[in-house]
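Overview (structure and organization)
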Amino acid sequence: MKGVDTIKLTNRQEEILQIVKSNGPITGKQIADKLSLTRAALRPDLAILTMAGNLDARPRVGYFFNEDREMVLQAKKFVQQQVANFKAHPIVIQKSTSVYDAIVQLFLEDVGTLYAIDENGYLAGVISRKDLLRTAIGNKNLENLPVSVIMTRMPNIIMIKPEETLLEAANKMIINHIDSLPVVREVDQMPHTYLVIGRITKTTITRAYLEISEQ
Ligand code: ADP
């Protein structure tokens with residue numbers, strides 16, 4: 001495949017791309033007519049667009065839009081986006097919160113995962129839907145059971161930093177079979193302490209993909 005680095009297109013080149021996108025395959029003459037230009041005046045632009053890989057040309061058929069290249073460009077643009085630009089608001093509770101209150105919180109906030117923090121405000125645990133369901137099946141006294149007993153806790157929490165990319169976030173979620181990642185800022189290395197500043201979920205990734213493809 002040709003290189004997929006974007007070059008800055010002129011307005012006329014953008015216009016040509018749109019024409020070919022909607023009408024392709026289309027001959028050079030037909031494009032020129034639509035733009036009220038001569039075929040000769042159009043030739044340099046068509047050469048650039050073909051060389052850059054935006055358009056493909058087939059003898060006796062005409063020009064058509066290179067969908068493959070467009071998809072690779074879109075995917076590239078997508079995975080290079082920084083987590084910081086797409087992170088959602090995290091729902092954070094104290095680790096002493098009861099499982100009962102955590103379930104209420106999950107419904108009120110309409111999220112799938114809650115993050116628990118310690119007395120200092122640092123990330124201490126992750127509580128997912130299944131953690132809560134599992135606990136609810138086996139326990140009667142959910143009001144007196146703190147989430148700290150049932151949560152996935154440090155140092156087993158998979159995290160992401162705001163400057164990392166959506167590709168790294170997607171990889172971490174898929175490899176670890178989890179639905180979300182806390183976005184964190186490291187406060188101290190010894191001991192490892194993190195502040196939760198956001199969350200990335202599979203929905204966030206899907207929404208980001210839609211936004212970028214619509215651009
Ligand atoms: P659900 O329980 O709704 O399917 P997940 O698939 O995200 O949600 O969670 C599965 C398990 O992984 C749960 O026990 C949860 O505590 C744990 N978990 C979820 N997110 C993380 C994370 N970022 N780091 C470590 N463990 C996690």
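Here, every reference points to the structure presented above.
Below is a short write-up of the structure. (Residues numbered from 1 in each chain as written. Predicted model: local features only at pLDDT ≥ 70, side-chain atom pairs only at ≥ 80, totals over all residues. Heavy atoms only, no water.)

1. As for the sheet that holds strand 3 (residues 92-94)
Strand order in the open sheet made by the four strands is 3-4-5-6, with mixed pairing throughout. Both outer strands of the open sheet, strand 3 and strand 6 (152-153), are each paired with one neighbouring strand and no more. Along the sheet face, helix 5 (residues 99-109) touches strand 3 and strand 4 (113-117) and points at about 130° away from the line of strand 4. (Pairing = 2+ DSSP bridges. Helix = DSSP H or I, 4+ residues; strand = E, 2+ residues; numbered from the N terminus. Contact = heavy atoms within 4.5 Å. Axes fitted to C-alpha atoms, helices over the stretch in contact; angles between N-to-C directions.)

2. A closer look at the pattern of salt bridges
In total, this model carries eight salt bridges according to the counting rule given. Put simply, Asp 33 and Lys 29 hold a salt bridge, and the shortest N to O gap is 3.0 Å. Residue Asp 33 and its partner Lys 29 are both found in helix 2 (residues 28-34); the two are separated by four residues, about one turn of the helix. Take Asp 33: its relative accessible area is 46%, and that puts it in the partly exposed class. Taking the relative accessible area as the measure of exposure, Lys 29 reaches 48% and is therefore partly exposed. In this structure, Lys 95 engages Glu 119 in a salt bridge whose closest nitrogen and oxygen atoms are separated by 3.8 Å. (Salt bridge = Lys/Arg side-chain N within 4 Å of Asp/Glu carboxyl O. Buried < 20%, exposed > 50% of the residue type's maximum accessible area, 1.4 Å probe, protein only.)

3. Quick notes on the site of the ligand
Taken together, 14 residues form the shell around the ligand, and within it Ser 128, Asp 131, Thr 152, Ile 158 and Asp 179 come nearest. In the model, an oxygen atom of the ligand is placed 2.5 Å from a nitrogen or oxygen of the Ser 128 side chain. In the environment of the ligand, an oxygen atom lies 2.8 Å from a nitrogen or oxygen atom belonging to the backbone of Asp 179. Within the complex, 86% of the 540 Å² of free accessible area of the ligand lies under protein. Elements with a contribution of two residues or more to the shell around the ligand: strand 5 (123-128), helix 6 (129-138) and strand 7 (180-188). Here the shell around the ligand takes three residues from helix 6, the largest share from any one element. When the residues that make up the shell around the ligand are grouped by side-chain class, the tally is five nonpolar, five polar and four charged. (Near = heavy atom within 4 Å. Polar contact = N/O pair within 3.5 Å; in protein donor to acceptor, adjacent residues only side chain to side chain. Areas by Shrake-Rupley, 256 points an atom, 1.4 Å probe, with all protein chains shown as cover. Nonpolar A, V, L, I, M, F, W, Y, C, P; charged D, E, K, R; others polar.)

4. Concerning the packing of aromatic side chains
Scanning the entire structure with this criterion turns up one aromatic pair. Relative to Tyr 209, the ring of Phe 78 has its centre 5.1 Å away and its plane inclined at 90°; by these criteria the two rings are edge-to-face. Taken as a pair, Phe 78 in helix 4 (residues 67-79) and Tyr 209 in helix 8 (residues 202-214) lie far apart in primary sequence, 131 residues in all. (Phe/Tyr/Trp six-rings, centres within 6.5 Å; stacked < 30°, edge-to-face > 60°.)

5. As for the pairing of strand 8 (residues 193-201)
Burial runs high along strand 8: seven of the nine residues are buried. Bridging between strand 7 and strand 8 involves eight bridges; their strand directions are antiparallel. Counterpart to Asp 188 in the pairing with strand 8 is Thr 193. Counting the residues in the hairpin turn of strand 7 and strand 8 gives four residues.

6. Some remarks on helix 8
Here helix 8 contains 13 residues, and its C-alpha end-to-end distance of 19 Å stays within 8% of the 18 Å for a straight helix at 1.5 Å per residue. Listed in full, the buried residues belonging to helix 8 are Thr 204, Ile 205, Ala 208 and Ile 212. All buried residues of helix 8 lie within an arc of 95° about the axis, which places them on one face of the element. Backbone nitrogen of Thr 203 and a side-chain oxygen of the N-cap are separated by 3.2 Å at the start of helix 8; the cap is Thr 201. (Expected span 1.5 Å × (residues − 1). Arc of directions from axis to C-beta.)

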